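# Reading the structure
Below, each chain spelled out in residue letters.
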Amino acid sequence: MSIPRIQIEALDKRFETGDCEVIALQDANLSIAPAEFVTLVGASGCGKSTLLRIVGGLEPASSGTVSVDGKPISGPGIDRAMVFQHYSLYPWLTVTENIKFCRQLKMHRDVSTSADVEAAGGRADALIRLMGLGHVMQAYPNQLSGGMQQRVAIARALMARPRILLMDEPFGALDAQTREVMHDLILHVSILEKTTLLFVTHDVEEAIYLAHRVVLMAPRPGRIEAIYEVPLPDHRDQDMKQTQEFLALKKQILAGIRATSGMQTDHDLLEQLGNAPAH
Ligand SMILES: Nc1ncnc2c1ncn2[C@@H]1O[C@H](COP(=O)(O)OP(=O)(O)OP(=O)(O)O)[C@@H](O)[C@H]1O
Ligand SMILES: [Mg+2]
């Protein structure tokens, strides 16, 4: 068997706050193959962001290991790029400068030839065009819509050709139409560049549409509850969302989230709420 791109083994993460201990992750195990697209779903607080941050090297594990291509990670690396819900662009740089910035930093550190610099420039231009940002290349982030800012953040993450892209609710703030465009774009790029994706979302339809496998997590303690194979071909189109398989899987995952969320529609409590006088 080939070496997994990401191997998560017996991962635990505890946070101490005062005399309280939160078990954010308990014995998480997951193997992700090269070029695989895996989405993480689950009730709020089940440890999705924590897991992603540990894989990104931004947070240490309490115990257990994360390996990339067979080597345990010890911090962030150029092989892993992250995109968050709130696009962390540099406000004082233009769109083009934001996209090229990290690459330039790396090139200053490396011994780069002028051919390398030229190739990087070509990649930046291609990404700008692919993301539909050609007309705002010289604009600053505060002059862009949310969807445009997120496309800049994604272009910047892709600039260094990361083997792994880690995304935490990257499209959470976008409207439904822009999200659909972004879904097809990210799928296209991931197939083209054979990027391995670990992607957190609250949206089950998004989770299924994008992924080869959907990982359902559950809270208290944060853990991996179930893993679902998505029965769709690699090349997706929006019509697949209406197929029997898609709808059945969506129903199954939604039921799983509901069963583990700890939130209930308790009729007695709701009645109590309705009867209590408002002050
Ligand atoms: N820095 C921290 N200090 C203390 N507790 C933390 C910290 N970060 C996360 N937690 C706790 O760990 C648990 C998992 O948090 P996490 O942010 O990973 O959840 P999540 O699944 O991403 O939730 P959401 O869907 O709301 O984003 C929660 O109980 C949270 O309160
Ligand atoms: Mg989160």
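Small disclaimer: the values here were computed from a predicted structure and weren't measured.

## Comments concerning the overall build of the chain
In terms of regular secondary structure, the chain is built from 8 helices and 10 strands. Projected onto its principal axes, the C-alpha coordinates of the chain cover approximately 70 × 45 × 40 Å. Taking all 279 residues of the chain together, the buried fraction comes to 35%. For the chain, long-range pairs separated by at least 24 residues make up 71% of all intrachain contacts whose partners lie at least 6 apart in sequence.

## Focus: the sheet that holds strand E6 (residues 80–83)
Read from one edge of the open sheet, 6 strands run E6-E7-E8-E3-E9-E10, paired in mixed fashion. Each edge of the open sheet is held by one strand with a lone partner, namely E6 and strand E10 (223–229). Averaged over all neighbouring strand pairs, the angle between strand axes comes to 20 degrees, with direction disregarded. Two elements, strand E3 (residues 37–42) and strand E9 (residues 213–218), share 5 bridges in a ladder whose sense is parallel.

## A short note on the site of ligand 1
Taken together, Phe15, Thr17, Val22, Ala24, Ser44, Gly45, Cys46, Gly47, Lys48, Ser49, Thr50 and Gly222 make up the full set of residues adjacent to ligand 1. When contributions to the shell around ligand 1 are tallied by element, the ones reaching two or more residues are strand E1 (6–17), strand E2 (20–32) and helix H1 (48–55). A per-element tally of the shell around ligand 1 places H1 first, with 3 residues. Split by residue class, the shell around ligand 1 holds 4 nonpolar, 7 polar and 1 charged.

## Re H1
Most of H1 is tucked away: 6 of the 8 residues are buried. Inspection of H1 places Lys48, Thr50, Leu51, Leu52, Ile54 and Val55 among the buried residues, and these make up the whole buried set. Once H1 ends, the next one or two residues include Gly57, with phi positive near 80 degrees.

## Re the environment of Arg129
Mapping Arg129 onto the fold places it in helix H3 (residues 114–130). For Arg129, a count of 12 C-beta atoms within 10 Å translates into the label exposed. C-alpha of Arg129 to C-alpha of Ala155: the two residues are 26 residues apart in sequence and 9.9 Å apart in space.

## A word on the nonpolar core
The nonpolar side chains of a soluble globular protein tend to be buried with one another. Counting residues in hydrophobic clusters, the biggest one holds 64 residues, and the most contacted among them are Ala155, Leu198 and Val214. At 8 residues, helix H4 (residues 146–159) tops the list of elements feeding residues into this core. Split by domain, the residues of this core number at least three in each of domain 1 (1–31 + 59–74) and domain 2 (87–164). Apart from residues no more than four positions distant in its own chain, Ala155 is found in contact with Ile99, Leu127, Ile128, Met131 and Leu133.

What counts, and at which threshold
- Residues numbered from 1 in each chain as written.
- Chains lettered and ligands numbered in written order.
- Predicted model: local features only at pLDDT ≥ 70, side-chain atom pairs only at ≥ 80, totals over all residues.
- Helix = DSSP H or I, 4+ residues; strand = E, 2+ residues; numbered from the N terminus.
- Buried ≥ 20, exposed ≤ 12 C-beta atoms within 10 Å, placed from the backbone.
- Contact = placed C-beta atoms within 7 Å.
- Pairing = 2+ DSSP bridges.
- Axes fitted to C-alpha atoms, helices over the stretch in contact; angles between N-to-C directions.
- Near = placed C-beta within 6 Å.
- Nonpolar A, V, L, I, M, F, W, Y, C, P; charged D, E, K, R; others polar.
- Core = buried A, V, L, I, M, F, W, Y, C linked by C-beta atoms within 7 Å.
- Domains from an automatic or database assignment.

None of the figures reported here should be taken as evidence of function without further support.
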